[in-house]
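Fold and geometry: a report
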Amino acid sequence: MTCNLSDRVAAAIFDSDLIATRLLLAFAEFLWAVMLIWPGDTFGRPTYALMAELATEEVWACAFGVTSYLQFHIVLSNKQHTLWAHYFALWNSLLWAYVVGSMLLSVYPPPAAIAGEISLMVAAAWVWVRPMILLHYARLAHGHARQH
Amino acid sequence: MTYTFALLALVVTWNAAPMLMLCMVRWKGVV
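What counts and what doesn't
- Starting afresh in each chain, residues are numbered from 1 along the sequence in its written order.
- By the order in which they are written, chains take letters starting at A while ligands take numbers starting at 1.
- With the structure being a predicted model, the display of local features is reserved for residues of pLDDT at least 70 and the display and counting of side-chain atom pairs for 80 or more, all residues being used for whole-chain, interface and lining totals.
- The side-chain values count all of the structure's non-hydrogen atoms but skip hydrogen atoms and water molecules.
- Per the convention used, a helix needs a DSSP run of H or I reaching at least four residues, while a strand needs a run of E reaching at least two, with both numbered from the N terminus.
- Accessibility here uses a 1.4 Å probe with only protein chains present; expressed as a share of the type maximum, an area under 20% marks a residue as buried, one over 50% as exposed, and anything in between as partly exposed.
- Contacts are residue-level and defined by heavy atoms, with any inter-residue pair within 4.5 Å sufficient.
- Under the convention used here, a 1.4 Å probe and the Shrake-Rupley method define accessible areas, while residue burial counts only the protein chains that appear.
- Under the counting rule used here, the positive set is Lys and Arg, the negative set is Asp and Glu, and His together with the chain ends is not counted.
- Charge positions are represented by NZ for Lys, CZ for Arg, CG for Asp and CD for Glu.
- Two parts lose some accessible area (1.4 Å probe) when they are put together, and adding that loss for both gives the buried area.
- The salt bridge criterion pairs a side-chain nitrogen of Lys or Arg with a carboxyl oxygen of Asp or Glu, the two atoms within 4 Å.
- Between N or O atoms, a polar contact is any pair within 3.5 Å; within protein, one atom must be a potential hydrogen donor and the other a potential acceptor, and residues adjacent in sequence are included only when both atoms are from side chains.
- Side-chain classes follow a simple rule in which Ala, Val, Leu, Ile, Met, Phe, Trp, Tyr, Cys and Pro form the nonpolar group, Asp, Glu, Lys and Arg form the charged group, and the remainder, Gly included, forms the polar group.
- Between the N-to-C directions of two axes lies an angle of 0 to 180 degrees, each axis being a line fitted to C-alpha atoms and, for a helix, fitted only over the stretch in contact.
- The labels follow the angle: roughly parallel below 35 degrees, roughly antiparallel above 145, roughly perpendicular from 65 to 115, and oblique for the rest.
- Crossing handedness is defined as follows: a turn of the near helix away from the far one that is anticlockwise and smaller than a right angle gives a left-handed crossing, while the clockwise case is right-handed.

**A short note on the overall build of chain A**
When its secondary structure is counted, chain A shows 6 helices and 0 strands. Overall, the C-alpha framework of chain A stretches about 60 × 35 × 30 Å when taken along its three principal axes. With 148 residues in all, chain A has 38% of them scored as buried. If you take every contact in chain A between residues at least 6 apart in sequence, the share linking residues at least 24 apart comes to 68%. Carbon together with sulfur atoms contributes 70% to the accessible area of chain A, which is approximately 8700 Å² in total. Taking the average location of the 7 positive side-chain charges in chain A and that of its 9 negative ones, the two points are 15 Å from each other.

In structure tokens, the structure reads:
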């Protein structure tokens, strides 16, 4: 039975499924791709200065589009427990961290409108990190740890 | 360009840190 706050927090972040999180990430990536491919100079704005330094709008749009497609594929084909889906989560987390980091470093004060993007960056990192934490404790529980 | 490299370093650290911490925990056998 969950009683104190740390138990409830642990249950909320560890005992929840990440399918909805992946779906949300896939949808956000799709929207990024659409808005970057939209006619007009999006990267002309100062917020995207560091993203523009790395690649053009079209390249970023393709990266988001392909990532979104693969993310949807993972969820809809029930592949979230495969090894490649785990490595994909690393790529996804790197992508979100770069995008959010670039926006935060490009303008000051931080744009309030990217609160959602920051949350998605944390969510993407959690999709990458959580399986490793769970695996670590699963190994311990099954007695594969080094004996002291 | 300096900012880009600094950001890349930050991004890699953000994603590698939890993994390194887990490796350390496993290696030291803390928990």
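**Examining the interface of chain B and chain A**
Listed per partner, the contact involves 18 residues of chain B and 24 residues of chain A. A combined buried area of about 1800 Å² lies between chain B and chain A, and 69% of that area is made up of carbon and sulfur atoms. The tally of links between chain B and chain A comes to 0 salt bridges. Taken together, the links from chain B to chain A amount to 3 residue pairs in polar contact (both at pLDDT 80 or more). The residue makeup of the side of chain B that touches chain A, split by class, is 13 nonpolar, 3 polar and 2 charged.

**As for the packing of helix α2 (residues 19-37) of chain A against helix α4 (residues 57-76) of chain A**
Residue and element names in this part refer to chain A. Between α2 and α4, the shortest axis-to-axis distance is 8 Å and the interhelical angle comes to 155 degrees. Taken as axis vectors, α2 and α4 run roughly antiparallel relative to one another. α2 and α4 meet at a crossing whose hand is left-handed. Counted together, Ile-19, Arg-22, Leu-23, Leu-25, Ala-26, Phe-27, Glu-29, Phe-30, Trp-32, Ala-33, Leu-36 and Ile-37 of α2 and Glu-57, Trp-60, Ala-61, Phe-64, Gly-65, Thr-67, Ser-68, Gln-71, Phe-72, Ile-74 and Val-75 of α4 form the full contact between these two elements. By residue class, the composition of the contact of α2 with α4 is 16 nonpolar, 4 polar and 3 charged.

Purely geometric stuff here, so don't read any function into it on its own.
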